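Okay, here's what each chain looks like letter by letter:
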Amino acid sequence: MENTMKNTQQVIQKAYAKINLGLDVLRRRQDGYHEVRMIMQTVDICDELVLERTPQAGIVLLTDRAELPTDKNNLIWKAADLLLRMKNIEEGVKITLTKRIPIAAGMAGGSADAAAAMRGLNELFDMGYSTKELQELGVKLGADIPYCLTGGTMLAEGIGEVLSPLPAPPDCFLVVAKPDIDVSTAFVYGSLHAERLSDHPDIDGMIGALKEGSLTGITDRLGNVLETVSVREYPVIERVKSLMREKGAHNALMSGSGPTVFGIFTKREEAEETAGLIREKGLAGQVFVTVWHKDAI
Ligand code: ATP
């Protein structure tokens with residue numbers, strides 16, 4: 001058994017996208033980071049990473065999306081470089097990324113990929129890191145990486161790295177729509193005046209609703225303070241939200257810094273129909289009907 005582990009030549013890892021059921025910003029810290037309280041939830045939209053050992057040192061990254069960097073500017077490269085250096089590994093790795101998560105969308109696609117690369121390298125080179133150790137290393141590369149290492153339903157506090165598991169929301173259907181605009185997370189957080197926010201989402205109420213398993217308790221409390229910046233800048237976000245609500249969504253919200261919007265439906269047909277309508281009207285180029293990805297890894 002041990003022999004097989006040590007000779008592993010190839011590992012496949014899935015990287016799941018997240019949405020935020022709630023996103024509150026408490027304040028901006030001296031160092032520029034924002035203190036947050038977020039309810040994170042993985043959804044069933046994922047990238048796939050194939051990791052292979054190579055005798056020659058170095059990281060080779062291949063992807064099916066021409067617009068993505070394949071050098072040190074890709075979070076996958078940074079994650080692989082960090083782990084290979086930590087363990088003084090002489091061999092190299094080839095990583096092939098199949099991208100399905102919308103890019104620059106507020107779905108933590110880059111962080112999910114980096115987390116999957118960390119899990120994959122840990123297994124490929126039998127590094128022996130625990131999830132907690134990977135999370136401590138991962139936070140150096142991005143505040144969402146510790147969460148992405150496990151996924152599931154979590155309260156994320158601090159800068160996003162202090163995690164407390166929560167029960168998964170009740171089953172439902174989600175329409176996830178990414179309008180054809182790229183939104184910079186740095187711009188949105190940079191434009192937010194946390195101290196001037198008058199409305200804050202009811203994160204504690206949302207935690208209570210998750211614990212009770214109440215879907216309406218959850219959908220009544222969807223809230224994201226970053227909408228104050230992104231919706232003003234990109235009105236299409238509000239248009240998608242309104243359409244989802246008109247067509248039967250219990251509620252709809254922007255995820256992360258946007259522009260992705262998700263709507264929560266109990267009827268599959270209504271979700272499918274709404275997704276079709278969003279495509280037809282040209283409100284979003286990437287539209288999915290999906291479900292929660294419940295299992296924390
Ligand atoms: P978040 O929700 O964490 O703000 P996001 O969905 O807004 O994430 P990403 O898709 O993670 O944004 O990436 C934004 C930028 O990061 C892209 O413009 C891209 O050039 C760069 N990037 C680096 N590595 C990756 C990767 N593996 N996948 C996607 N983008 C990446």
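Residues numbered from 1 in each chain as written. Predicted model: local features only at pLDDT ≥ 70, side-chain atom pairs only at ≥ 80, totals over all residues. Heavy atoms only, no water.

### Let's talk about the overall build of the protein chain
The following threshold applies: The way it works is that DSSP assigns letters per residue, a run of H or I at least four long becomes a helix, a run of E at least two long becomes a strand, and they are numbered from the N terminus. Restricting the calculation to C-alpha atoms gives the radius of gyration, and the globule rule supplies 2.2 Å times the number of residues raised to the power 0.38. Burial here depends on accessible area, computed with a 1.4 Å probe over protein chains only, as a share of the maximum for the residue type. Under 20% is buried, over 50% is exposed, and the range in between is partly exposed. For this analysis, residues touch if any pair of their heavy atoms sits within 4.5 Å. Calculation of accessible area relied on Shrake-Rupley with a 1.4 Å probe; when residues are assessed, cover is drawn exclusively from the protein chains displayed.
Helix and strand counts for the protein chain come out as 11 helices and 11 strands. Taking 2.2 N^0.38 as the reference for a compact globule, 297 residues should give roughly 19 Å; the C-alpha atoms of the protein chain span a radius of gyration of 19 Å, in line with that estimate. Judged by the C-alpha coordinates and their principal axes, the protein chain covers about 55 × 45 × 35 Å. Looking at the protein chain as a whole, 54% of its 297 residues qualify as buried. In the protein chain, of all internal contacts separated by at least 6 residues, the share reaching a separation of at least 24 is 75%. Accessible area for the protein chain stands at about 13200 Å²; split by element, carbon and sulfur atoms hold 48% of it.

### Concerning the layout of surface pockets
The condition that has to hold: As defined here, a cavity is a set of points on a 1 Å grid over the protein atoms alone where a 1.4 Å probe fits but cannot get out. A pocket is an open set with protein on both sides within 12 Å along at least five of seven lines, and residues line them when an atom is within 4 Å of a point. Grid points are joined across faces, edges and corners, and a volume is the space filled by probe spheres set on the points. Note on residue classes: Ala, Val, Leu, Ile, Met, Phe, Trp, Tyr, Cys and Pro are nonpolar, Asp, Glu, Lys and Arg are charged, and everything else, Gly too, is polar. Segmentation of the chain into domains, including their bounds, is taken from an automatic or database domain assignment.
The volume enclosed by the largest pocket comes to roughly 1100 Å³. Taken together, 41 residues form the lining of the largest pocket, with Leu75, Ala108, Ser111, Asp144 and Thr185 sitting closest to its centre. Among the elements of the structure, β1 (10–28), β2 (34–54), α3 (109–124) and α6 (185–191) are those that each provide at least two residues to the lining of the largest pocket. Taken together, the residues that form the lining of the largest pocket break down as 20 nonpolar, 16 polar and five charged. Two domains share the lining of the largest pocket, each providing at least three of its residues, namely domain 1 (10–165) and domain 2 (173–290). The space that makes up the second largest pocket amounts to roughly 170 Å³. Taken together, Leu197, Ser198, Asp199, His200, Pro201, Gly223, Asn224, Val225, Glu227 and Thr228 form the lining of the second largest pocket. Looking at the lining of the second largest pocket, the elements that each hand over two or more residues are β8 (223–224) and α9 (227–233). Of the residues in the lining of the second largest pocket, the class split is three nonpolar, five polar and two charged.

### Looking at helix α7 (residues 203–212)
Those residues of α7 that sit buried are Ile203, Gly205, Met206, Ile207, Ala209 and Leu210. Buried residues belonging to α7 abut β1, β2, β5 (153–157) and α8 (215–219). Of the residues trailing α7, Gly213 is marked for its positive phi of about 70°.

### What about the domain arrangement of the protein chain?
This is how it is decided: Accessible-area loss on putting two parts together, using a 1.4 Å probe and summing over both, is the definition of buried area adopted here. Here, a salt bridge means any Lys or Arg side-chain nitrogen found within 4 Å of an Asp or Glu carboxyl oxygen. Distance and chemistry together define a polar contact, namely a pair of N or O atoms within 3.5 Å, with one atom able to donate a hydrogen and the other to accept it when in protein, and with adjacent residues in sequence counting only for side-chain atoms on both sides.
The domain boundaries assigned to the protein chain delineate domain 1 (10–165) and domain 2 (173–290). Inter-centroid distance (C-alpha atoms) of domain 1 to domain 2 is 23 Å. Regarding the contact of domain 1 and domain 2, the summed buried area is about 2300 Å², with carbon and sulfur atoms giving 65% of it. On inspection of domain 1 and its partner domain 2, the count reaches one salt bridge. Residues Arg37 and Asp204 are paired through a salt bridge, measuring 3.0 Å at the closest nitrogen-oxygen approach. Here domain 1 is connected to domain 2 by 11 residue pairs in polar contact (both at pLDDT 80 or more). At the level of elements, β1, β2 and β5 are the ones that each hand at least two residues to the side of domain 1 that touches domain 2. With 11 residues, β1 is the largest single contributor of residues to the side of domain 1 that touches domain 2. A breakdown of the residues in the side of domain 1 that touches domain 2 according to their chemical character gives 15 nonpolar, five polar and eight charged.

### Some words on unusual backbone geometry
Across the junction of Gly258 and Pro259, the peptide omega takes the value 5°, indicating a cis bond. A positive phi angle, near 55°, is found at Ala108, a position not held by glycine. One non-glycine residue, Asp126, adopts positive backbone phi at about 50°. Along the polypeptide, Asp126 turns up in the loop between α3 and α4 (131–138).

### Digging into the site of the ligand
Formally: Near is defined per residue: the residue qualifies when any heavy atom it owns lies within 4 Å of the molecule or strand. Pocket or cavity membership: a molecule qualifies when more than half of its atoms sit within 2 Å of the grid points of that site.
Around the ligand, the structure places 19 residues, and the nearest of them are Asn74, Ala104, Ala108, Gly110 and Thr185. Between an oxygen atom of the ligand and a main-chain N or O atom of Gly106, the distance comes to 3.0 Å. Between the ligand and the protein, one listed contact pairs an oxygen atom with a backbone N or O atom of Met107 at 3.2 Å. Contact with the protein chains hides 78% of the accessible area of the ligand, taken as 610 Å² for the molecule alone. In this structure the site holding the ligand corresponds to the largest pocket. Of all elements in the fold, only α2 (75–86) and α3 reach the threshold of two or more residues within the shell around the ligand. With three residues, α3 is the single largest residue contributor to the shell around the ligand. Of the residues assigned to the shell around the ligand, the class counts are nine nonpolar, six polar and four charged.

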